[in-house]
Amino acid sequence: MGSAAASGKRENARDHGFSRLRDFWRTLTYSALMAGQGALPLGWHISDPDISERHVEGTLVLNRIGYFALAFLAVAISLVSMRFLTFDPGVLAEELRANLLGNPLLFFLHTTVSPFALLLGVFQFLPATRRTAWHRWSGRLYVLLCLLGAASGLGIAFTTTMGPLVGSGFAILAVLWFAATYNAYRFARNRDFARHRRWMIRSYALTAAAITLRLILPISGLAGLSFAQGYLIAAWGCWTINIVIAELIIRARPNPGALPDRVASARKDTLAA
Ligand code: HEM
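Residues numbered from 1 in each chain as written. Predicted model: local features only at pLDDT ≥ 70, side-chain atom pairs only at ≥ 80, totals over all residues.

### So, the overall build of the protein chain
Then step 1. Looking only at helices and strands, one finds 10 helices and 0 strands in the protein chain.
Then step 2. Helices and strands in the protein chain line up, N terminus first, as α-α-α-α-α-α-α-α-α-α.
Then step 3. When each of the 273 residues of the protein chain is scored for burial, the buried share is 32%.
Then step 4. Taking all contacts inside the protein chain whose residues are at least 6 apart in sequence as the whole, residues at least 24 apart take part in 71%. (Helix = DSSP H or I, 4+ residues; strand = E, 2+ residues; numbered from the N terminus. Buried ≥ 20, exposed ≤ 12 C-beta atoms within 10 Å, placed from the backbone. Contact = placed C-beta atoms within 7 Å.)

Spelled out as structure tokens, the structure:
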């Protein structure tokens, strides 16, 4: 009798251990999947109605980590880029300097406005700033900075010292950046906030090409590529990679506002189980 009870207890403990392990595994794989989908706080996605609270929380934690990593890089790179506010050509890499010396006005316009777009833009996605006067005014300034950054970026793309292939990568980026930002603004004016959100994600993904570019350059250096080879990969990779991530984020949460309901229902299900 005693031994049956003891073995029952052992089985229970083992089952409990298994279910904790299984829960942990599901949380891990689900979270990894969400991270793979680029589900930053810009987009939450819970497709499985049976998903447990732990899955949801695991996803939320990873989303926050993703956002903080993005915000950290955006702040760091914009601050480093503000060295151009000294208007000293010496702060630019020697290989690129002839472009600046040939087009100082356009170049310095670009390096003055773009870092502020990178800095302001990242905070626009914080839920706390939504529906505030800050969001609207900072948003208008972001749009202005992006349009100026894109127009000047297009101007200096054609005269880069790194050749026409690099120049065309930047030129396409400039046109897309201008168009995505203008579209996002237009939809906000028309109060079509679902489209506004989608186009702002695209716009900021293109703004954040400045981050990806500065990640690709040292990585390609470590991989043994020359500066010219790394720069060519960076000029194309910086925006193509970001556009793919942006589209994944947009698809991860096609239905804004759905999070609270889904989290609430996942919580209710877990409590009821
Ligand atoms: C997204 C559209 C952008 C385009 C099309 C673009 C284009 C360009 C081009 C063509 C150059 C000259 C490079 C050369 O001579 O080879 C340049 C340089 C530069 N851009 Fe942008 N840019 C964009 C976004 C940004 C952003 C958001 C920042 C914010 C940090 C930024 C900061 C700079 C800086 C600091 C330089 C000087 C070079 C360096 O230090 O790397 N750009 N950009």
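Next comes the rest of the description.
### Considerations on the site of the ligand
Then step 1. Close to the ligand lie 28 residues, the nearest being S114, G153, T160, A174 and A210.
Then step 2. Contributions of two or more residues to the shell around the ligand are made by α2 (53-81), α4 (104-123), α5 (133-157), α6 (164-189), α7 (193-207) and α8 (209-222).
Then step 3. With 6 residues, α4 is the single largest residue contributor to the shell around the ligand.
Then step 4. In terms of residue class, the shell around the ligand is built from 18 nonpolar, 10 polar and no charged. (Near = placed C-beta within 6 Å. Nonpolar A, V, L, I, M, F, W, Y, C, P; charged D, E, K, R; others polar.)

### Quick notes on the packing of α7 against helix α9 (residues 227-252)
Then step 1. Between α7 and α9, the least distance of the axes is 8 Å, while the angle of their chain directions is 155°. If you check the angle between α7 and α9, you find them roughly antiparallel. Both α7 and α9 take part in a crossing whose hand is right-handed. Side by side, α7 and α9 meet where R198, I201, R202, A205 and L206 of the first sit next to W239, N242, I243, I245, A246, I249 and I250 of the second.
Then step 2. Considering only residue class, the contact of α7 with α9 consists of 9 nonpolar, 1 polar and 2 charged. (Axes fitted to C-alpha atoms, helices over the stretch in contact; angles between N-to-C directions. Parallel < 35°, antiparallel > 145°, perpendicular 65-115°, else oblique. Left-handed = near helix turned anticlockwise from the far one by under 90°.)

### Quick look at unusual backbone geometry
Excluding glycine, a negative phi dihedral is what most residues carry, and trans is how most peptide bonds are arranged.
Then step 1. The residue R131 is not glycine, and still its phi comes out positive at about 55°.
Then step 2. Structurally, the position occupied by R131 is in the loop between α4 and α5.
Then step 3. Positive phi values are uncommon outside glycine, yet R191 reaches one of about 60°.
Then step 4. Note on placement: R191 falls in the loop between α6 and α7.
Then step 5. By C-beta crowding, R191 is classed as exposed, having 7 other C-beta atoms within 10 Å.

### Focus on the packing of α8 against α9
Then step 1. Where α8 meets α9, the closest approach of the two axes is 8 Å, and the angle between their N-to-C directions is 140°. When the axis of α8 is compared with that of α9, the two are oblique. α8 and α9 meet at a crossing whose hand is right-handed. In this structure, α8 contributes A209, T212, L213, I216, L217, S220 and G221 to the contact, and α9 contributes Q229, G230, I233, A234, G237, C238, W239, I241 and N242.
Then step 2. The residue inventory of the contact of α8 with α9, partitioned by class, reads 9 nonpolar, 7 polar and no charged.

### Examining α6
Then step 1. Across its 26 residues, α6 extends 37 Å between first and last C-alpha, which sits within 8% of the 38 Å expected from 1.5 Å per residue.
Then step 2. Residues G169, F170, L173, A174, W177, F178, A180, T181, A184, Y185 and A188 constitute the buried set of α6.
Then step 3. Contacts made by the buried residues of α6 are with α5, α7, α8 and α9. (Expected span 1.5 Å × (residues − 1).)

### Structural notes on the confidence of the model for the protein chain
Then step 1. For the protein chain, mean pLDDT is 83; residues scoring 70 or higher make up 70% of the total.
Then step 2. Counting contacts from residues 35-47, a segment whose pLDDT is below 50, to residues more than four positions away or on other chains yields 42 contacts.
Then step 3. pLDDT under 50 marks residues 257-273. Its contacts with residues more than four places away, or in other chains, come to 12 contacts. (pLDDT = per-residue confidence, 0-100.)

### A look at the environment of L105
Then step 1. By the element assignment, L105 lies in helix α4.
Then step 2. C-alpha of L105 to C-alpha of S152: the two residues are 47 residues apart in sequence and 9.0 Å apart in space.

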